[in-house]
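# Commentary on secondary and tertiary structure
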Amino acid sequence: MSTVIKSQTDVAKVRSAQPNPRRDLSDKAIRNIFIFPTLVLLIAINVFPLVYSLYLSFTNYSAIANKQPVWVGFENFGRVLSDERMWEIFSTTGQYVLFSVALQLILGFALAMLVRDKFFGSGLVTTLILVPMMLSPVVVGLFWKLMYNPTFGYVNYLLGFSNPSLAPDWLASRWAGDPTPGLALWAVIIVDVWMWTPFVMLLILSGLKAIPDYLYEAAAIDRASAWFQFWRITLPQVTPLMMIAILFRTIEAFNKSFDLVMGMTGGGPGTQTEVVAVTLYKQAFQGQWQTGRASALAYMVLIIIIAISNLYIRNLNRMKEGA
Amino acid sequence: MASFEETGPRNPVTESIRVDKVHPRARFLDNARAIFVLILALIGLIPVLAMGLTAFKSRADVVAVPPKIAFEPTLEGFVFLLTERSQLSGTKLEEAKANADDLGLFGQIALRNGQRINGPSDYVTRLWNSLIIAGGSTIISVVLGLFAAYAFSRFDIPGKDDLLFFILSTRMLPAVVVTIPLFLMFRQLGLFDTHLGMILLYTVFNLSLTVWLLKGFIDEIPREYEEAALVDGYTRFQAFYKIVLPQAATGIAATTVFSLIFAWNEYAFALMLTSNNARTAPPAIATMLGRGGIEWSAIAAGTLTFLIPVVIITFALRRHLLRGVTFGAIRQ
């Protein structure tokens, strides 16, 4: 019996040690066949366009004019950087990203702490909380537009403003008829927070659930206060996941703010809620169709996003080494 | 020891988990917490509920001040959304009313507003486009993603980590940054405003998701199964087809649904790369307001038809949600 088994394992050993050259070849072939289409598609529809738009960003070109691109060097970048309106838009985008991500982090953390321990129906309730993040951002923007309506919207009604002429008109940045700059931006930020806090909660919750019990047990033996346990155990243990949440949200705030803003305000009133993605769209696809200049701006946004992600990832790695 | 861990009181103790008795205060706090969370969840869902209510309101009820919570439900919004109507007057209206019994449900609702249905609206076409484009791109990206994920999971690939990171990073590009050159490319190739172009684009857009998610699922299937099959004389492809695919079925299903949702919800690409022929529902809903007498109730109806499938899917997928939204980078 034992000899039979031994001989079988021997056969297996021989096979794995000296693989059949034909099978090895076909493995390699299969590997290439399996990966090839994916890489080709990614290069054709992602990498090539990026290279193409890098070229366009150095040219004067409009997609609707019947002219070839003209090389202008760094002129487009110079124009973008010296345009005062651009700084305003970057500041709006910065505020949007900063406030929405910060609020999502605080609220998401609090929510995660609340649903951390199981209670009757906690699975169902947690799923209910998660619903907003699965919705289409532009559709969300649209239905919040109805919610914010100054006369028949639910927001003012629930806040107790019964007289429409005294109530805030959120998306027009007016409070009882007086212009209140910033109101529209905050209205959009509130929706972003409503939509994406669940995402942050989900990530932090998975971090909380992964903290081993013995850390708390040890702290309890040492009679550490709940406050101390939070600062010294809970917070450091979930920090890596928190950083990932911030990274995802920051990048997405540049991306998805477009859908939300277009659904709610289209950038208005004036340019009060115009985030950089909306500016890009307007420059590239409306009015003059300034394809070259929009490409330059797009590249600058891309560089900002890459820089921010790099900063986060480096921080994250340092924290992992430190832990 | 193990039995203690299974049966011992864990959750309700506030200070130390070494205490065996549950203090009444701890139990009270636990219940209070549960109720508080439930209330928060319900407050969070007010906008969704409001939208659901608005979809069934009549034209007058939508703009009522203060907003009506109790009202007579009507399908008016859906009729406005899905049909093209014309106003009837005088004798034609009388004639139509006399023959009202022959009309369907939608026809009768339209008649109440003195209108006749001429045919389905543009929005029906948009929904079809959404379905075709989301469905087509999902099928392709899951199949391609499955192949690539298997290769990444099982074979030695030079520069594997860099390649995987590259695939993930394509998803992080802001849509607007890639759209400008894509617009020019698509126009050159005749793909602008075509279903094929959008399917291709969404396929690539979702590939990063499907590759990463499926790689995670395939990584969890022990290699030994295939190795045993190979020893038994299966070819690599047979092993993939007969061993790995059935094992990864749940993962494939979850991935399919995620990719479907992302394609279904997508707005920016569709807005910039389609105009009339292949336009999907999201940009159509967004530009509907104020055109051709479209009312808020119709918008609400459109939003609702859009949201319901997503809400159902969220519940069905709740175990895989974390994986799905983080591209499989984090597993529960």
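## Here we look at helix H10 (residues 226-264) of chain A
In an α-helix there are 3.6 residues to a turn, and that puts residues three or four apart on one side. All names here are of chain A. Between the first and last C-alpha of H10 there are merely 43 Å, a value that for 39 residues lags more than 12% behind the 57 Å anticipated at 1.5 Å per step. The largest bend in H10 is about 50°, located at Thr239, with the proline Pro240 one to four residues further on. Burial runs high along H10: 28 of the 39 residues are buried. Backbone geometry just after H10 places Gly266 at a positive phi near 65°.

## A short note on the nonpolar core
Ranked by internal contacts, the top residues of the largest apolar core, which has 195 residues, are A:Phe143, A:Trp144 and A:Phe258. For this core, the element with the most residues is helix H8 (residues 183-209) of chain A, which contributes 18 residues. Residues from two domains meet in this core; each of domain 1 (2-44) and domain 2 (123-288) of chain B gives at least three. Non-local contacts of A:Phe143, meaning those with residues more than four positions away in its chain, are made with A:Leu135, A:Trp194, B:Pro47, B:Val48, B:Met51, B:Thr303 and B:Leu307.

## Some remarks on the packing of helix H4 (residues 84-115) of chain A against H8(A)
All names here are of chain A. Their axes nearest at 6 Å, the elements H4 and H8 cross at an angle of 45°. Classified by the angle between their axes, H4 and H8 sit oblique to one another. The crossing of H4 and H8 is right-handed.

## Some remarks on the sheet that holds strand S5 (residues 178-179) of chain A
Residue and element names in this part refer to chain A. Reading across the sheet, the three strands line up as S3-S4-S5 and stay open at both edges, with antiparallel pairing between neighbours. The sheet is open, and its two edges are formed by strand S3 (168-169) and S5, each paired on a single side. In this sheet, S5 lies alongside strand S4 (residues 174-175) in antiparallel orientation, the contact comprising two bridges. Residue pairing for S5: Trp175 is matched across the bridge by Asp178.

## Focus on the interface of chain B and chain A
Contact with chain B, which involves 99 residues of that partner, is made by 86 residues of chain A. Carbon and sulfur atoms make up 80% of the area that chain B and chain A hide from each other, which totals about 8,700 Å². The largest share of the area that chain B buries against chain A comes from B:Arg33, B:Ile180 and B:Trp296, three residues that together contribute 7% of it. The interface formed by chain B and chain A holds zero salt bridges in total. Applying the counting rule to chain B against chain A returns eight residue pairs in polar contact (both at pLDDT 80 or more). Among the elements that take part in the side of chain B that touches chain A, helix H10 (residues 175-189) of chain B stands out by supplying twelve residues, more than any other. The residue inventory of the side of chain B that touches chain A, partitioned by class, reads 78 nonpolar, eleven polar and ten charged.

## Observations concerning the confidence of the model for chain B
Scored by pLDDT, chain B has a mean of 82; 90% of the residues are at 70 or more. Per-element mean pLDDT across chain B ranges from 49 in helix H1 (residues 2-7) of chain B up to 92 in helix H8 (residues 122-154) of chain B.

## Some details on unusual backbone geometry
Although it is not a glycine, A:Arg223 adopts a positive phi angle of roughly 55°. Along the polypeptide, A:Arg223 turns up in the loop between helix H9 (213-221) and H10. Its identity is not glycine, yet B:Asp193 carries a phi of approximately 60°, on the positive side. Along the polypeptide, B:Asp193 turns up in the loop between H10 and helix H11 (195-219).

## Notes on the pattern of salt bridges
Residue and element names in this part refer to chain A. Going through the model one piece at a time under the given rule, you end up with ten salt bridges over all chains. The partner of Asp83 in a salt bridge is Arg293, with the nearest N and O atoms 3.7 Å apart. Of this pair, Asp83 sits in the loop between helix H3 (75-82) and H4 while Arg293 sits in helix H12 (residues 291-322), and the two are 210 residues apart along the sequence. Asp192 is the salt-bridge partner of Arg249, the closest N and O atoms lying 3.6 Å from each other. On the criterion of sequence distance, the pair formed by Arg249 in helix H10 and Asp192 in helix H8 is long-range, its members being 57 residues apart.

## A short note on the environment of A:Asp259
Tracing the backbone through its elements, the reader meets A:Asp259 in helix H10. Taking the relative accessible area as the measure of exposure, A:Asp259 reaches 5% and is therefore buried. Placed 119 residues apart in sequence, A:Asp259 and A:Val140 show a C-alpha to C-alpha distance of 9.0 Å. Sequence-distant contacts of A:Asp259, defined by excluding residues within four places in its chain, comprise A:Pro137, A:Val138, B:Tyr267 and B:Ala268.

Cut-offs and rules
- Residues numbered from 1 in each chain as written.
- Chains lettered and ligands numbered in written order.
- Predicted model: local features only at pLDDT ≥ 70, side-chain atom pairs only at ≥ 80, totals over all residues.
- Heavy atoms only, no water.
- Helix = DSSP H or I, 4+ residues; strand = E, 2+ residues; numbered from the N terminus.
- Expected span 1.5 Å × (residues − 1).
- Bend = angle between axes of the 7 residues up to and from the residue.
- Buried < 20%, exposed > 50% of the residue type's maximum accessible area, 1.4 Å probe, protein only.
- Core = buried A, V, L, I, M, F, W, Y, C linked by side-chain atoms within 4.5 Å.
- Domains from an automatic or database assignment.
- Contact = heavy atoms within 4.5 Å.
- Axes fitted to C-alpha atoms, helices over the stretch in contact; angles between N-to-C directions.
- Parallel < 35°, antiparallel > 145°, perpendicular 65-115°, else oblique.
- Left-handed = near helix turned anticlockwise from the far one by under 90°.
- Pairing = 2+ DSSP bridges.
- Buried area = accessible area lost by both parts, 1.4 Å probe.
- Salt bridge = Lys/Arg side-chain N within 4 Å of Asp/Glu carboxyl O.
- Polar contact = N/O pair within 3.5 Å; in protein donor to acceptor, adjacent residues only side chain to side chain.
- Nonpolar A, V, L, I, M, F, W, Y, C, P; charged D, E, K, R; others polar.
- pLDDT = per-residue confidence, 0-100.

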